[in-house]
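# Structural characterization, general
Spelled out, the chains give:
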Amino acid sequence: MSIVKSKIRTIPDYPKPGILFRDITSLLLDPEGLALTIGTFVNRYQGKGITKVAGIEARGFLTGAPLAFQLGVGFIPIRKKGKLPAETVSEEYDLEYGKDVIEIHKDAVQPGDKILIMDDLIATGGTMIAAVKLLRKLGAEIYEAGVIIDLPDLGGGAKLKNELEVPVFAICEFEGH
C-alpha cells in the first residue's frame, strides 16, 4: 500500500507546534489513490456479513459512505452532539484538553447488526473507542475498525484490540504523531 501512503501529505506543526498532520485531502484528490483506497476496503470487507458501515464525522464519511454503497449495506453517520435531528444515543469521551460527545440516531442500529466502523486515521483512539461503546449500547456487534492511517506510536489501535477486542485494519502506518 505504498502507493496510498505516498499520496498522503504531511503538514508539520499543524494544528499546533510539534504535530505532524497526516492530510488525506491529497489522497482524495488523486483518482488512482482514491480508487485504490476504496477498492482495498471493498476487497477486505466484501462477503463478511457486514450489515452496516458506521463513519465517524467527518472524514469517516469520506470512505465509509462509498464503502457502504459498494457493499450494498446502509451507512450510519456518527456525529458530534447536536447535529442529528431525530432521537439519539450519545457517548462522552476524553480529549487532550476536555471532553466531547458523539451521537447516532437511536434507530440506526438493530440488535445483532454487524458493524464496520470507518475513519480516516487512528491516533490515541478516543473517538473510535467512544464509537464502539456507542454502537454496542444498541446491541451491535463490531466487526472491525477500518482506517486509512494508523499512528501506532500513539497506541489507539492497541487499545481497541486489547481493551475492547476490536480488530483494526489500516492501509498504512506512519511513525510519530
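Residues numbered from 1 in each chain as written. Predicted model: local features only at pLDDT ≥ 70, side-chain atom pairs only at ≥ 80, totals over all residues. Heavy atoms only, no water.

On to the overall build of the protein, then. Scanning the protein from terminus to terminus reveals six helices and nine strands. On C-alpha atoms alone, the protein measures out to a radius of gyration of 16 Å, which is about the 16 Å that the 2.2 N^0.38 rule sets for 177 residues. Overall size of the protein, expressed as C-alpha extent along the three principal axes, is 40 × 40 × 30 Å. Looking at the protein residue by residue over its 177 residues, the buried ones come to 45%. For the protein, the proportion of contacts with a sequence separation of at least 24, taken over those separated by at least 6, is 60%. On the protein, roughly 8800 Å² of surface is accessible, and the fraction owed to carbon and sulfur atoms is 52%. Counting 21 positive and 24 negative side-chain charges, the protein places the centres of these two groups 2 Å from one another. (Helix = DSSP H or I, 4+ residues; strand = E, 2+ residues; numbered from the N terminus. Rg over C-alpha atoms; globule rule 2.2 N^0.38 Å. Buried < 20%, exposed > 50% of the residue type's maximum accessible area, 1.4 Å probe, protein only. Contact = heavy atoms within 4.5 Å. Areas by Shrake-Rupley, 256 points an atom, 1.4 Å probe, with all protein chains shown as cover. Lys, Arg positive; Asp, Glu negative; His and termini not counted. Charge placed at Lys NZ, Arg CZ, Asp CG, Glu CD.)

As a further point, take the packing of aromatic side chains. Scanning the model with the defined rule gives five aromatic pairs in all. Taking the centre distance of 6.1 Å and the plane angle of 80° together, the rings of Phe41 and Phe169 count as edge-to-face. Taken together, the residues span a long stretch of sequence, with Phe41 in helix H3 (residues 31-45) and Phe169 in strand S9 (residues 168-173) at a distance of 128 residues. On the basis of relative accessible area, Phe169 is assigned to the buried category, the value being 17%. On the numbers, 5.7 Å between centres and 90° between planes, the contact of Phe61 with Phe75 is edge-to-face. Within this pair, whereas Phe61 is found in helix H4 (residues 59-71), its partner Phe75 is found in strand S4 (residues 74-80), the two being separated by 14 residues in sequence. (Phe/Tyr/Trp six-rings, centres within 6.5 Å; stacked < 30°, edge-to-face > 60°.)

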